[in-house]
Amino acid sequence: MILSVKNLSIEIDGKPAVRGLTFYVAAGEVLGVVGESGCGKSMVNMALMGLLPDGVNASAEQMEACSVDLLRAGPRDWRALRGGKMAMIFQNPMSALNPCLTVERQLKESVLQARTGMSRASARAEALRLLDRVGIAHAGARLKSYPHELSGGMAQRIMIAMAVASAPQLMIADEPTTALDVTVQAQILQLLEEIRRDTGMALILVSHDIGVIEQCAHRVQVMYSGQIVESGDVGEVIASPCHPYTRGLVAAQPGRSGLPPKSRLTTIDGSVIPITEEVEGCRFRLRCSRTDHRCEQPQRMRRAAANSYRESRCHW
Amino acid sequence: MATTLLGVTLLAFFLIRVAPGDPVLLLIGERGSDPEQYREMVVRLGLDNSLIVQYLQFVVSALQGDLGVSVVSQQSVIGELLARWPATIELGVSALLIACLLGVPAGVIAAVYRNSVADFLIMSVSIFGYSIPVFWWGLVLIMCFSIGLDITPVAGRIDILYDIPPVTGFMLMDTLAPQVVQEYGFSAFGSALGHLVLPALTMATIPLAVFARTTRSSMLEVLSEDYVRTARAKGLSEFRVIWRHAFRNALIPIVTVGGVLFVTTVITGAILTETIFAWPGVGRYIVNSVYARDYPVIQASILLIGIFVVLVNGLIDYLYGAINPAVGRRDSAS
Ligand SMILES: Nc1ncnc2c1ncn2[C@@H]1O[C@H](COP(=O)(O)OP(=O)(O)OP(=O)(O)O)[C@@H](O)[C@H]1O
Ligand code: SF4
Ligand SMILES: [Mg+2]
């Protein structure tokens, strides 16, 4: 197990936001995480990287990544982990690169972070190799570029190059293609898949888009308002979703193939409750079409099928 | 830039003429009661021509590098001003250096440890520094360090014991010239430095506060940017994240206020501080000339200050591009 998390909760300014997340990622596996905006996906990712903003705190029974106990990690351990076995890429590659520094300086920084003591010249050679690896043509010229001279797709490739500089065992990709054109989106996803196959790293792929998850992930975990509401094998979950929220997601996806428009998720009726708001019973109650008296009780994850590891946070 | 300078010449010329006071009377004093002598003086100063003609004369000769002759001293104005300029620059630059070297790191610390005791202290001190009147503060410093503790001199640039030939006009450099060091050792330099400390501190107070506040707010903004998160996600040390990734991006507003402060400290600061500390620079010269209604000196000073401001702004535009290529490109495109 490359990552295992038990009962992870996150509080924002003392108010519970993410509530008791339990999940794992196996070596070499792609875990898809899907859920609408504001349900806490990024918060969980930041907690895994030890990068939660001020005023936001995480607690858990267990949190272990790449054989490091994250609950006991000090600043030094975190830094070693981030520049080493774990890496992260973000939603908006253009703002994730430093506008004042050339690609060369930013990329070499990642290379040197992973291999201290490497000479400048071999760091440059390694940077060139990485650019080549992520499919950037004219790597030598690109090294001299500043971020504003790059396209979104190119910037995301460079972010990926920086992330793989340390040959991580786990990469967290937080909506890596949301800000990109549809064609570029497909290329970036393919690149991630190639790198994963070559290096055997595990990948947590976060997306709004259940189509993207279907295409790339092995397992999926659906989040709603700070909780996991359904998890299981991607094919099974999409073929026969158990939780009413997942059903809504899948049903709202036109065509079920190709790349549908981004606004799909808003087509589930009802408004989203703020993640920090307390709700009695099931958190999906206000939007659910299948409610009955049992929904007034808080729901826990249950086995949803006898012969698989599928789970759903609903009594049906 | 040309239009800015034209505006400056207009201002320089007309502003002083709408102010009350008659230069002729001031110059000939009591004898102004003699109308014959008064007329003679008016003609000699060229004040009998129409304002338009006077203005054109002023611009044309300014373009030729001739800013006229001081009514009071009968010396060439440009010579008098240039001789005093280094003293003013030396004081202004020292003050700004102090302000920058203390204010910027203080602002960074306040931002990084926001809402901490350090932040609170730094911001309180800076509000205090920003609100005190300069002349009062200068006097307080003199009371404490010169009169009370007797560790700094009260006035001037250097003890009268020393005879320093002006080479660059900058006392800190001239006292290090080989023949000076041969004659006095480093004591002349020490004396010059001692004379500089109090006026520079006085002048540095407001800019220091402004630097600290600007740096803090600029850093706070940058620290929440995505690329700072990226830098942390790379596993960089907090020191590197702050100084290499955040600080550089926070520099643009700091450089901007730095430029504004340079102009305001060197000019308005100079007028007050040089007067308090009897510092023989342009500021004190302007004040004396205003008392004497010395038109040529005043208009030449305003013109030179205008040129100085324009040059500083040009330098700042250049710095923007050097710090952040994206900003530089956007500016030159618009
Ligand atoms: N720095 C912060 N301080 C306090 N609350 C925050 C902060 N950042 C986000 N939040 C809150 O935390 C909640 C979860 O945010 P998060 O970014 O994890 O959502 P997300 O699932 O990643 O959404 P998206 O799909 O839009 O990225 C949101 O409701 C947001 O209001
Ligand atoms: S528990 Fe009730 S409200 Fe919640 S998802 Fe299931 S049916 Fe809907
Ligand atoms: Mg997010």
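Residue indices begin from 1 for each chain and proceed along its sequence in written order. Working convention: letters from A go to chains and numbers from 1 go to ligands, in the order in which they are written. Whole-chain, interface and lining totals are the exception, using all residues; otherwise, since this is a predicted model, local features are given only for residues with pLDDT of at least 70 and side-chain atom pairs are given and counted only at 80 or more. Heavy atoms throughout the structure, all of them, feed into the side-chain values; hydrogens and water do not.

S.K.: When you look at the overall build of chain B in this model, what are you seeing that I'm missing?
M.R.: What counts as a helix is a DSSP run of H or I of at least four residues, what counts as a strand is a run of E of at least two, and both are numbered from the N terminus. Scanning chain B for helices and strands turns up 15 helices and zero strands. The principal-axis extent of the C-alpha atoms belonging to chain B is close to 85 × 55 × 40 Å. Partly exposed residues are those whose accessible area sits between 20% and 50% of the maximum for their type, while under 20% is buried and over 50% is exposed, using a 1.4 Å probe and protein chains only. Looking at the 334 residues of chain B, the share that counts as buried comes to 46%. Considering only contacts in chain B between residues 6 or more positions apart, those separated by 24 or more positions represent 72%. Residue-level accessible areas treat just the shown protein chains as cover; the underlying method is Shrake-Rupley with a 1.4 Å probe. A total of about 16900 Å² of accessible surface is found on chain B, and carbon and sulfur atoms cover 69% of it. When the 19 basic and 23 acidic side-chain charges of chain B are each reduced to a single mean position, those positions are 15 Å apart. For this analysis, residues touch if any pair of their heavy atoms sits within 4.5 Å. Here the positive residues are Lys and Arg and the negative ones are Asp and Glu; neither His nor the chain ends is included. The location of each charge is read from NZ of Lys, CZ of Arg, CG of Asp or CD of Glu.

S.K.: I keep staring at the interface of chain A and chain B and nothing clicks. Help me out?
M.R.: Note on interface size: it is often stated as the accessible area lost on association of the parts. Taken together, the contact between chain A and chain B spans 25 residues of the former and 21 residues of the latter. Buried surface area refers to the total accessible area, computed with a probe of radius 1.4 Å, that the two partners give up upon joining, counted for both partners together. Taking both sides of the interface into account, the surface hidden between chain A and chain B amounts to around 2200 Å²; carbon and sulfur atoms contribute 55%. Area buried by chain A at its contact with chain B is led by A:Cys100, A:Glu109 and A:His148, which between them contribute 28% of it. Between Lys or Arg on one side and Asp or Glu on the other, a salt bridge is scored when a side-chain nitrogen of the former is within 4 Å of a carboxyl oxygen of the latter. Seen at the junction of chain A and chain B, the total is four salt bridges. The salt bridge involving B:Arg240 is made with A:Glu109; its shortest N-O contact spans 3.6 Å. What qualifies as a polar contact is a pair of N or O atoms within 3.5 Å, subject to a donor-acceptor requirement within protein and to the restriction that residues adjacent in sequence count only when both atoms come from side chains. Here chain A is connected to chain B by 13 residue pairs in polar contact (both at pLDDT 80 or more).

S.K.: Could you clarify how one ought to interpret the site of ligand 2 in this entry?
M.R.: Taken together, 13 residues surround ligand 2, and among them A:Cys282, A:Cys288, A:Cys295, A:Cys314 and A:Trp316 come closest. Split into classes, the residues belonging to the shell around ligand 2 amount to seven nonpolar, four polar and two charged. Distances are taken per atom, and a residue is near a molecule or strand as soon as one of its heavy atoms is within 4 Å of it. Lys, Arg, Asp and Glu make up the charged group, whereas Ala, Val, Leu, Ile, Met, Phe, Trp, Tyr, Cys and Pro make up the nonpolar group; the residues left over, Gly among them, are polar.

S.K.: Just to check I follow, could you spell out the pairing of strand E11 (residues 227-233) of chain A for this structure?
M.R.: Look at any regular strand and the pattern is simple: side chains alternate between the two faces of the sheet. Across the seven residues of E11(A), six count as buried, placing the element largely inside the fold. Only strands that DSSP links by at least two bridges are regarded as paired with each other. Where strand E10 (residues 219-224) of chain A folds back onto E11(A) in an antiparallel hairpin, the turn is made up of two residues, including A:Ser225, whose phi is positive at roughly 50 degrees.

S.K.: Can you help me understand the domain arrangement of chain B in this one?
M.R.: Here the limits of each domain have been adopted from an automatic or database domain assignment. We note that the domain assignment places domain 1 (2-63) and domain 2 (91-278) within chain B. Once you take the C-alpha centre of each, domain 1 of chain B and domain 2 of chain B turn out to be 39 Å apart.

S.K.: What is the right way to look at the environment of B:Ser124 in this model?
M.R.: Residue and element names in this part refer to chain B. Mapped onto the elements of the fold, Ser-124 is located in helix H6 (residues 117-131). Assessed through its relative accessible area of 32%, Ser-124 is described here as partly exposed. Spatially, the C-alpha atoms of Ser-124 and Ala-209 are 9.6 Å apart, while their sequence positions differ by 85 residues.

S.K.: What is the right way to look at unusual backbone geometry in this model?
M.R.: Glycine aside, a negative phi is what most residues show, and trans is what most peptide bonds show. Located in the positive-phi region is A:Glu175, a residue other than glycine, with phi close to 50 degrees. Within the element layout of this structure, A:Glu175 appears in the loop between strand E8 (170-174) and helix H8 (182-199). Not every positive phi belongs to a glycine, and B:Asn115 is a case in point at roughly 65 degrees. Structurally, B:Asn115 can be placed in the loop between helix H5 (77-112) and H6.

S.K.: Even after reading the chapter, I still don't get the environment of A:His208, so can you show me in this structure?
M.R.: All names here are of chain A. Mapped onto the fold, His-208 is located in the loop between strand E9 (202-207) and helix H9 (210-216). Sequence separation of His-208 and Gly-35 is 173 residues, and the distance between their C-alpha atoms is 5.8 Å. A distance of 3.0 Å separates polar atoms of two side chains, one belonging to His-208 and the other to Glu-175.

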